[in-house]
Amino acid sequence: MIGRRLRLGVGARYLTTAAVRRGDLAGAAETFASTPRKTTADYNRLLAGYARAPGGRLADARHLFDRIPHPDVVSYNTLLSCHFAAGDVRGARELFSAMTDRDVASWNTMVSGLSRNGAVGEARALFLAMPARNSVSWNAMVSGFAFAGDMGMAEECFRDAPDKEDAVLWTAMVSGYMDAGDVDKATELFQEMPVRNLVSWNAMVAGYVKNSRADDALRVFKTIVRDVDVRPNESTLSSVLLGCSNLSALGFGRQIHQWCIKLPLSRRITVGTSLVSMYCKCGDLDGACKLFSEMRTRDAVAWNAMISGYAQHGHGQEAINLFEKMKAQRVKPNWITFVAVLTACIHTGFCDFGIQCFETMQEMYGVEPRADHYSCMVDLLCRAGLLERAVCLIRSMPFEPHPSAYGTLLAACRVYKNLGFAEFAAGKLIQQNPHSAGTYVQLANIYAVANQWADVSRVRRWMKDNAVVKTPGYSWVEIKGVIHEFRSNDRLHPQLRLIHERLDRLEERMKAMGYVPDLDFVLHDVDESLKVQMLMRHSEKLAIAFGLISTAPGLTLRIFKNLRVCGDCHNAAKLISKIEDREIILRDTTRFHHFKGGHCSCGDYW
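Position numbers for residues count from 1 along each chain, tracking the sequence in the order it is written. Only residues with pLDDT of at least 70 are given local features in this predicted model, and only at 80 or more are side-chain atom pairs given and counted; all residues enter the totals for whole chains, interfaces and linings. Each side-chain value is derived from all of the structure's non-hydrogen atoms; neither hydrogens nor water enter the calculation.

As annotated in an unreviewed UniProt entry, the chain carries the name DYW domain-containing protein and comes from Triticum aestivum.

(A) Layout of the environment of Ala-146. Numbered from the N terminus, helices here are DSSP runs of H or I no shorter than four residues, and strands are runs of E no shorter than two. Within the secondary structure, Ala-146 sits in helix H9 (residues 135–147). Judged by relative accessible area, which is 8%, Ala-146 ranks as buried. The spacing of Ala-146 and Met-173 is 27 residues in sequence and 6.8 Å in space, taken between C-alpha atoms. Excluding residues that lie within four positions of it along the chain, Ala-146 makes contacts with Met-151, Ala-154, Ala-172 and Gly-176. A 1.4 Å probe rolled over the protein chains alone gives each residue an accessible area, and that area as a share of the maximum for its type sets the label: buried under 20%, exposed over 50%, partly exposed in between. Contacts between residues were defined by any pair of non-hydrogen atoms, one from each residue, lying within 4.5 Å.

(B) Expanded view of the packing of helix H29 (residues 496–512) against helix H32 (residues 567–580). The interhelical angle for the contact between H29 and H32, taken along N-to-C directions, is 95°, at an axis separation of 10 Å. Comparing their axes, H32 and H29 come out roughly perpendicular. Every residue of H32 that contacts H29 at Arg-502, Leu-506, Arg-509 and Met-510 is listed here: Ala-572, Leu-575, Ile-576, Ile-579 and Glu-580. Taken together, the residues of the contact of H29 with H32 sort by class into six nonpolar, no polar and three charged. Whenever a helix is involved, its axis is fitted only over the stretch in contact; in every case the axis is a line through C-alpha atoms, and angles between N-to-C directions fall within 0 to 180 degrees. With respect to orientation, any angle under 35 degrees is reported as roughly parallel, any angle over 145 as roughly antiparallel, any angle of 65 to 115 as roughly perpendicular, and every other angle as oblique. Three classes are used: nonpolar for Ala, Val, Leu, Ile, Met, Phe, Trp, Tyr, Cys and Pro, charged for Asp, Glu, Lys and Arg, and polar for all others, with Gly counted as polar.

(C) Up close: the side chain of Ser-539. Among the secondary structure elements, Ser-539 is positioned in helix H31 (residues 539–550). Other than its neighbours up to four places away in sequence, Ser-539 contacts Gly-473, Tyr-474, Ser-475, Phe-486, Arg-487, Ser-488 and Lys-561.

(D) Local environment of the domain arrangement of the chain. Each domain's extent was defined by an automatic or database domain assignment. Partitioning the chain into structural domains gives domain 1 (196–296), domain 2 (431–466) and domain 3 (474–600). Put simply, the middle of domain 2 and the middle of domain 3, counted by C-alpha atoms, are 26 Å apart.

(E) Focus on the UniProt feature "repeat: PPR" (unreviewed entry) in the chain. UniProt positions are given in the numbering used here, feature names are shortened, and annotations may be inferred rather than shown by experiment. As recorded in UniProt, the sites labelled "repeat: PPR" (unreviewed entry) are residues 72–106, 166–200, 268–298 and 299–333. End C-alpha atoms of residues 268–298 are separated by 10 Å, and the span's content is 74% helix alongside 0% strand. Between the C-alpha atoms that bound residues 299–333 the distance is 10 Å, and the span itself is 74% helix and 0% strand.

(F) Layout of the side chain of Thr-337. Mapped onto the fold, Thr-337 is located in helix H21 (residues 335–348). Dropping the residues within four chain positions of it, Thr-337 is found in contact with Asn-304, Ile-307, Phe-323 and Met-326.

(G) Representation of the sheet that holds strand S2 (residues 482–487) in the model. Any two strands with at least two DSSP-identified bridges between them are counted as paired. The six strands are arranged S2-S1-S3-S4-S5-S6 in an open sheet whose pairing can be described as mixed. Both edges of this open sheet fall to S2 and strand S6 (599–600), since each of them pairs with a single strand only. The sheet contact formed by strand S3 (residues 557–561) and strand S4 (residues 584–587) spans four bridges and is parallel. Paired with Leu-557 across the two strands is Ile-584, which belongs to S4.

(H) Seen up close, helix H11 (residues 167–179). Helix span is expected to be 1.5 Å times the residue number reduced by one. With 13 residues, H11 should reach 18 Å at 1.5 Å per residue; the first-to-last C-alpha distance of 18 Å fits that figure. Of all 13 residues that make up H11, 10 are buried, and the element is covered over most of its length. Listed as buried for H11 are Ala-167, Leu-169, Trp-170, Thr-171, Ala-172, Met-173, Val-174, Gly-176, Tyr-177 and Met-178. For H11, the elements touching its buried residues are H9, helix H10 (151–160), helix H12 (183–192) and helix H13 (198–210). N or O atoms within 3.5 Å of each other form a polar contact, as long as, within protein, one can give a hydrogen and the other can take it, and as long as residues adjacent in sequence are counted only when both atoms are side-chain atoms. The N-terminus of H11 is capped by Asp-166, whose side-chain oxygen sits 3.0 Å from the backbone nitrogen of Val-168. Residue Gly-181 follows H11 closely and has a positive phi angle near 85°.

(I) Structural detail: the pattern of salt bridges. For this document, the term salt bridge refers to a Lys or Arg side-chain nitrogen within 4 Å of an Asp or Glu carboxyl oxygen. Evaluation of the coordinates by the stated rule reveals 24 salt bridges. Note that Asp-455 is salt-bridged to Arg-458, the shortest N-O span being 3.2 Å. Here Asp-455 and its partner Arg-458 are both found in helix H28 (residues 453–465), three residues apart, which amounts to about one turn of the helix. Its relative accessible area of 22% is what places Asp-455 among the partly exposed residues. Residue class for Arg-458 comes out partly exposed when judged on its relative accessible area of 33%. Shared partners join several salt bridges into a network, and the residues in it are Asp-184, Arg-213, Asp-216 and Arg-219.

(J) Broad picture of unusual backbone geometry. For Ser-212, which is not a glycine, the phi torsion comes out positive at approximately 60°. Relative to the helices and strands, Ser-212 resides in the loop between H13 and helix H14 (214–227). With a phi angle near 60°, Asn-451 is a residue other than glycine that sits in the positive phi range.

In structure tokens:
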């Protein structure tokens, strides 16, 4: 009988540990409850699970801790971690002060927790007071300063650290400089590292992506796969796939997918979700749908990625259908889900459904509306022409409206030619960020449409006085793994003569089909013939023409732009898709447009 109890106890402990490792806290608690004779170590196992859970599960952790007959220093240290994970710094301080027995891990937990919760000065004071320090102590302090953005103090602490070959220490510095935007310094430190591990390489990949150098991130990933004795993990793949999305590098993303299939990693939810997101953002919605349908398990993040994908591609009804299916499978929607659903409503004109979602999300699902949801509602109302109602919503927000709400209103004012609301929105945007070029350009566009050229000149002088530099618009297309960039009136591309010849022929055929250049999209007071020529040299049209002369007839073209597509290019792309009998997929900063047979997936509602 005693032997059987021992075997049951060992089995229960093994199952509890396994459940904690995979994040199944309900299963861990159930197995823990069935353990015949519980030791302090058994309590600590479940306590560690609460510490690792999002938010720290502090209430559950405290309840469990209070039931431990003889808590040891590990129990106290783990509960400290729960306090910090929940953001309860005061509770952590009180617990630490009450501890009669502390080890170096206790002090390290406090130093790290205080740093991560913005109390880096207090963390340093504790660090200096520590009776003994180890490598974890130094790492916690360097990471704390780096996390706080104080790279000067991080550098000083890094130099004083006794172990000069600690990869964790070096990686903290690399990540800190990447977070601070000093990519060159981070790269220099990485190259000087005496020892590197996978976390070090991941810091470089993620840092490059964060600092808009996705091409360097992809280069580092290739090096990892080809030359380095480490194997990429979920974090590596999430970062590099985000880099593919930012570059619209569908070909490379597909290569990564093929590489993943050979590994057990491909079955992880995070990897599958990153791949779905990559396919969506690179314009291959069919690939995303296929992969999503093959996923064995899906969490809310995976559902959100697919719903967002449908929304961005203009498939609003499919997005809403998937939202209903998500609820039917008892996956609880979160705030990101509702941003995705409202975005779907925006891009397909489902105004009533969007209003209903917004008004019931808190009551039915416990999701409190955030700034993102309000911004979506402003966009939805503006696209429906309800500008006055949108302004009322902006004024009634329980917090300072996000700049995107004013930006949406300003853009709508151009469509509905409402100068009064335009000046209101522009004034608010300039007040929030006087150096944002987009606001001035939008306002100047609205004045230009109204032929108020004196006001256009006034806005330009305003920009000059505030030292505002306009972000240049450009488009790009990937041909055989090479990305070709175009700016309006591009003069640098080696095949420019062929591109212009193709555009000239297309212009003739488009005009024969009724195309009339929309001169409202030329922000210059110049001769009409010159306006037409400038329109035909917009970056989107140059990229489309190059794609046509560089690929076989019938192949889908994928074009990308760093700003919103202009209305004239949108009309031209519809006609070109019919003339060439091709699908043209164009992604701008707002959504995807699928042009086919003279129509667009947005139904001109964009």
